[in-house]
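Descriptive analysis of the structure
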Amino acid sequence: MNNFQLNLTKDVIELISPAAVGDVSVSISKGPNEVIVEAKLTSRNLSLWIYENGASILGNGIDIRFEVADHREPSVLAETFLKKVSETIPSGDTQRSDS
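Let me sum up the structure you'll find in this document. None of these values were measured; they are calculated from a predicted model.

Regarding the side chain of Thr9
When you line up the elements, Thr9 lands in helix H1 (residues 3-16). The class of Thr9 is buried, set by a relative accessible area of 12%. Beyond its immediate chain neighbours, meaning those up to four positions away, Thr9 contacts Met1, Val37 and Ile50.

Structure (structure tokens):
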């Protein structure tokens, strides 16, 4: 895993954990060319994927992808992804410690 993935995974867990205790599973898969992190919110049928150079939100009727090429830098991609995760999970289900 690279620093982008480590930092974004930590931020995702902090964002979704307070309301999703027992509902979140995180797995790390190593493919031939890339390490992939998946955070799954089972009760919402929602998966948050974090790649070495991007991220995605997948679920019922949701397929949103975040690519490095579409953002000025990885930190902007991460910020945009976390904002969309907050909007995707129902209000009150997420909590940021820096808000």
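Some remarks on the nonpolar core
Inside soluble globular proteins, nonpolar side chains tend to come together where they are buried. Of all hydrophobic cores here, the largest spans 20 residues; its most connected members are Leu8, Val12, Ile16, Leu48, Phe81 and Val85. Here Leu8 is in contact with Ile50, Ala55, Ala78, Phe81 and Leu82, once residues within four sequence places are set aside.

A few points about the sheet that holds strand E1 (residues 24-30)
The strand order across the open sheet formed by 5 strands is E1-E2-E3-E4-E5, and the pairing between neighbours is antiparallel. Across the chains shown, the open sheet's two edge strands, defined by having one partner strand only, are E1 and strand E5 (62-67). This sheet shows a mean twist of 15° between the axes of neighbouring strands, independent of strand direction. Inspection of the sheet shows E1 paired to strand E2 (residues 35-41) by 7 bridges, in the antiparallel sense. For Val26, the partnering residue across the bridge sits in E2 and is Ala39. In this fold H1 packs onto E1, E2, strand E3 (46-51) and strand E4 (54-59), with an angle of close to 155° to the strand it touches most, E3. The sheet strands contacting helix H2 (residues 74-88) are E3, E4 and E5, and the helix crosses E4 at an angle near 15°.

The rules we used
- Within every chain, residues take consecutive numbers counted from 1 along the sequence as written.
- Local features in this predicted model are restricted to residues whose pLDDT is 70 or higher, and side-chain atom pairs enter the listing and the counts only when it is 80 or higher, whereas totals over whole chains, interfaces and linings include all residues.
- Each side-chain value is worked out from all heavy atoms of the structure, with water and hydrogens disregarded.
- Under the DSSP-based scheme used, a helix requires at least four consecutive residues in state H or I and a strand at least two consecutive residues in state E, with every element numbered from the N terminus.
- Each residue is assigned to one of three classes by its accessible area relative to the maximum for its type, calculated with a 1.4 Å probe on protein chains only: buried under 20%, partly exposed between the two thresholds, exposed over 50%.
- What makes two residues a contact is simply this: any of their non-hydrogen atoms within 4.5 Å.
- Nine residue types can take part in a nonpolar core, namely buried Ala, Val, Leu, Ile, Met, Phe, Trp, Tyr and Cys, and a core is a set of them joined through side-chain atoms within 4.5 Å.
- Any two strands with at least two DSSP-identified bridges between them are counted as paired.
- Here the axes come from fitting lines to C-alpha atoms, over the contacting stretch only for helices, and the angles between their N-to-C directions go from 0 to 180 degrees.

Honestly, that's just the spatial picture; any functional story needs more than this.
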